[in-house]
Amino acid sequence: MKTTTYDYNSTEVQAIFNRIAPVYDQLNDALSLGLHKIWKQMAVMWSEANDGNTCLDLCCGSGDLAWMLAKYAGSQGIVYGVDFSVQQLAIARNRKSTLFGQVSPINWVEADALNLPFADNYFDCATMGYGLRNVLDIPHCLQELYRVLKPNSKAAILDMHRPSASLVRSFQQWYLDKVVVPVAGNLELTQEYAYISPSLTKFPTGVEQVLIAHQAGFVNAKHYPIAGGMMGILVITK
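Residues numbered from 1 in each chain as written. Predicted model: local features only at pLDDT ≥ 70, side-chain atom pairs only at ≥ 80, totals over all residues. Heavy atoms only, no water.

- Per an unreviewed UniProt entry, the chain is named 2-phytyl-1,4-naphtoquinone methyltransferase, and its organism is Okeania hirsuta.
- In its Catalytic activity (unreviewed entry) section, UniProt records this for the chain: "demethylphylloquinol + S-adenosyl-L-methionine = phylloquinol + S-adenosyl-L-homocysteine + H(+)". (UniProt positions renumbered as here; feature names shortened; annotations may be inferred.)

Remarks on the sheet that holds strand E5 (residues 149-160)
Then step 1. Here seven strands make up an open sheet; going across it, the order is E3-E2-E1-E4-E5-E7-E6 and the pairing mixed. Since the sheet does not close on itself, it has two edges, and those belong to strand E3 (106-110) and strand E6 (220-226), each with one partner. With direction set aside, neighbouring strand axes in the sheet form an average angle of 15°.
Then step 2. Pairing between strand E1 (residues 54-58) and strand E4 (residues 123-129): four bridges, direction parallel. If you follow Cys 55 over to E4, its bridge partner there is Cys 125. (Pairing = 2+ DSSP bridges. Helix = DSSP H or I, 4+ residues; strand = E, 2+ residues; numbered from the N terminus. Axes fitted to C-alpha atoms, helices over the stretch in contact; angles between N-to-C directions.)

Thoughts on a nonpolar patch on the surface
Then step 1. On the surface, Leu 33, Leu 35 and Ile 38 cluster together into a nonpolar patch covering about 310 Å² of accessible area.
Then step 2. Of note, Leu 33 is situated in the loop between helix H2 (24-31) and helix H3 (35-47).
Then step 3. Given a relative accessible area of 70%, Leu 33 falls into the exposed group. (Patch = residues over 30% accessible without salt bridge, like charges linked within 9 Å, V, L, I, M, F, W, Y side chains within 5 Å. Areas by Shrake-Rupley, 256 points an atom, 1.4 Å probe, with all protein chains shown as cover. Salt bridge = Lys/Arg side-chain N within 4 Å of Asp/Glu carboxyl O. Buried < 20%, exposed > 50% of the residue type's maximum accessible area, 1.4 Å probe, protein only.)

Put into structure tokens, the structure is as follows:
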């Protein structure tokens, strides 16, 4: 089956995430069978967030990863959740924490991942979930991330990928075409979720991401495929 090609600019991507904000969490839960929460927890662990840290969750969306970071940073830490979608940030601000124990305060910041409003060497760690694939300039985004991280600190970047194995790749495309887009279509969001497939086609492979991270200045970079290569986490050290 031929997949329709979509080309989007930054404003259009921003509009997509504003439109899907009201159902974003529910669809993530349903379409990943709840597994996205496990993958996000893996990213937080690999970021090595610790008690008292100043943490960044870039492209924070509705705030899942930011709240997980807040648990690791504890009452003495602080988390910044950054996104360019006003509607996603509104949901993040209004959600209630379901975490037990002490959590750090979270500052929700509307900003562009390509032009972060933070000083150099500001953060102890960072996460990014399903955001790198949607920025228009991936090398520049990683350069900005490098700039705001402290020396020796880590970032963990979770995203969807095109699997290298043809059978898994075929399953992924079937799932997108036959499950994801129709479910989104029932909510009148067909075009918004049809965007996923072409964004995967353009997204650098894990090996390519490692190379881009090194070019951005990171001294260590490793990409971990998960879910049969349909997902992956890039772990980078400044």
